[in-house]
Amino acid sequence: MAETRGVLLPAYVLADESGSMGPYRQDLSNGLVSLCEGLRAEPMVAAKLRLAVLGFSDDVQVRLAVADMRTETSLPQVVIRGLTNYEAVFDDLLSRIPSDVQWLRGEGYKVHRPVVFFLSDGQPTDGGAWHRPHAQLTDRALTPTAPNIVACGIGDAQAHTMVEVATRKEFAFVARPGTDIGRAVAEFFHALTASLVASGHALNSDAPTLVVNRPDQFTMAIDEVGE
């Protein structure tokens with residue numbers, strides 16, 4: 001049996017591209033550039049990560065396919081469009097994540113449980129339809145590659161929704177009331193980069209763990225909704 005090429009952590013960034021994000025398109029673009037550059041500046045960490053960037057509104061569109069940031073030269077481009085369809089997100093991930101993990105394993109890697117960083121500025125426009133694919137995606141009996149999901153809400157996104165999206169209560173955050181949305185987007189990407197760098201370092205340890213940093217100007221969503 002061939003020796004493994006190492007352990008990888010697949011990370012997915014789900015960025016809200018719905019119409020209400022129009023005024024903050026440049027903030028989103030700048031955040032994605034800072035994320036990519038931050039990972040390129042840490043090649044030892046980047047070697048253990050594979051990054052994908054997906055934009056969502058009425059549907060999900062690939063802005064960066066699962067990539068090794070040590071060699072990836074393109075930068076994700078944000079396209080503002082449509083409504084905020086959460087169902088489309090989790091339907092997409094239900095097929096995308098198992099397929100990506102299978103591909104990475106076929107390349108000779110061991111694969112750590114994937115992580116999804118979800119950023120939205122609004123409530124889902126599909127009502128509660130998203131709960132079905134979300135439940136299937138996060139059920140480890142049904143989906144062995146079920147990801148950890150970190151959910152961050154800005155603008156009109158409500159705390160209780162972020163708690164429902166996140167796979168653990170401590171993985172759900174909302175921007176503090178009155179926080180400038182452009183700044184909140186920047187803080188999200190700053191915390192995301194730090195979380196991936198710390199998690200990449202942790203893969204070298206005897207007990208690899210996912211590290212999730214709370215963005216500045218954000219609070220834990222569970223504190224907003226109560227237990």
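For the structure itself, consult the block above.
About the cut-offs
- Residues numbered from 1 in each chain as written.
- Predicted model: local features only at pLDDT ≥ 70, side-chain atom pairs only at ≥ 80, totals over all residues.
- Heavy atoms only, no water.
- Helix = DSSP H or I, 4+ residues; strand = E, 2+ residues; numbered from the N terminus.
- Expected span 1.5 Å × (residues − 1).
- Bend = angle between axes of the 7 residues up to and from the residue.
- Buried < 20%, exposed > 50% of the residue type's maximum accessible area, 1.4 Å probe, protein only.
- Phe/Tyr/Trp six-rings, centres within 6.5 Å; stacked < 30°, edge-to-face > 60°.
- Salt bridge = Lys/Arg side-chain N within 4 Å of Asp/Glu carboxyl O.
- Pairing = 2+ DSSP bridges.
- 1 Å grid on protein atoms, 1.4 Å probe; cavity = no way out; pocket = protein on both sides within 12 Å on 5 of 7 lines; lining within 4 Å.
- Points joined across faces, edges and corners; volume = space filled by probe spheres on them.
- Polar contact = N/O pair within 3.5 Å; in protein donor to acceptor, adjacent residues only side chain to side chain.
- Contact = heavy atoms within 4.5 Å.

## Observations regarding helix 3 (residues 86-106)
For helix 3, spanning 21 residues, the distance from its first C-alpha to its last is 30 Å, which sits close to the expected 30 Å at 1.5 Å a residue. In the structure, helix 3 departs most strongly from a straight axis at Leu93, where the bend amounts to approximately 30 degrees. Where helix 3 is concerned, the buried positions are Tyr86, Ala88, Val89, Phe90, Asp92, Leu93, Leu94, Ile97, Asp100, Val101 and Leu104. Gly108 sits one or two residues past helix 3 and shows a positive phi near 100 degrees.

## Looking at the packing of aromatic side chains
If you walk through the whole model with that rule in mind, you get 7 aromatic pairs. Considering the side-chain rings of Phe56 and Tyr86, the 6.2 Å spacing of their centres and the 80 degrees angle between planes classify their relative orientation as edge-to-face. Taken as a pair, Phe56 in strand 2 (residues 49-56) and Tyr86 in helix 3 lie far apart in primary sequence, 30 residues in all. Here Phe56 falls in the buried class, since its relative accessible area comes to 0%.

## Overview of the pattern of salt bridges
One pass over the structure, following the stated rule, counts 10 salt bridges. Between Asp92 and Arg96 there is a salt bridge whose closest N-O contact spans 2.7 Å. Remark: Arg96 and Asp92 occur in helix 3; sequence separation between them is 4 residues, near one turn of the helix. The buried category is assigned to Asp92, whose relative accessible area is 15%. Counted as one network, the salt bridges with shared partners bring together Glu17, Asp59, Arg63 and Arg81.

## Describing the pairing of strand 1 (residues 7-16)
Counting buried positions along strand 1 yields 9 of 10 residues, so the element is predominantly enclosed. Sheet topology note: the strand 1/strand 4 (residues 110-111) ladder contains 2 bridges and is parallel. Residue pairing in the sheet places Leu8 in a bridge with Val111 of strand 4. Both strand 1 and strand 2 contribute to a ladder of 8 bridges, which runs parallel. Its bridge partner being in strand 2, Ala11 is matched across the sheet by Leu51. Where strand 1 and strand 5 (residues 115-120) come together, 5 bridges link them in parallel fashion. Looking across to strand 5, one finds that Val13 is bridged to Phe117.

## Here's the deal with empty space enclosed by the protein
Applying the stated criterion to the full structure yields 1 cavity of 30 Å³ or more. Of the voids in this model, the largest cavity is the one considered here, and its volume is about 50 Å³. Contributing to the lining of the largest cavity are Phe117, Val150, Cys152, Phe173, Phe188, Ala191, Leu192, Ser195, Val212, Asn213 and Pro215. Counting only elements with at least two residues in the lining of the largest cavity, the list comes to strand 6 (148-153) and helix 6 (181-202). In terms of residue count, the dominant contributor to the lining of the largest cavity is helix 6 (4 residues).

## Structural notes on the side chain of Asp68
Within the secondary structure, Asp68 sits in the loop between strand 3 (60-67) and helix 3. Separated by 2.6 Å, the side chains of Asp68 and Arg70 make a polar contact. The contacts of Asp68, once residues within four sequence positions are left out, are Ala46 and Arg50.

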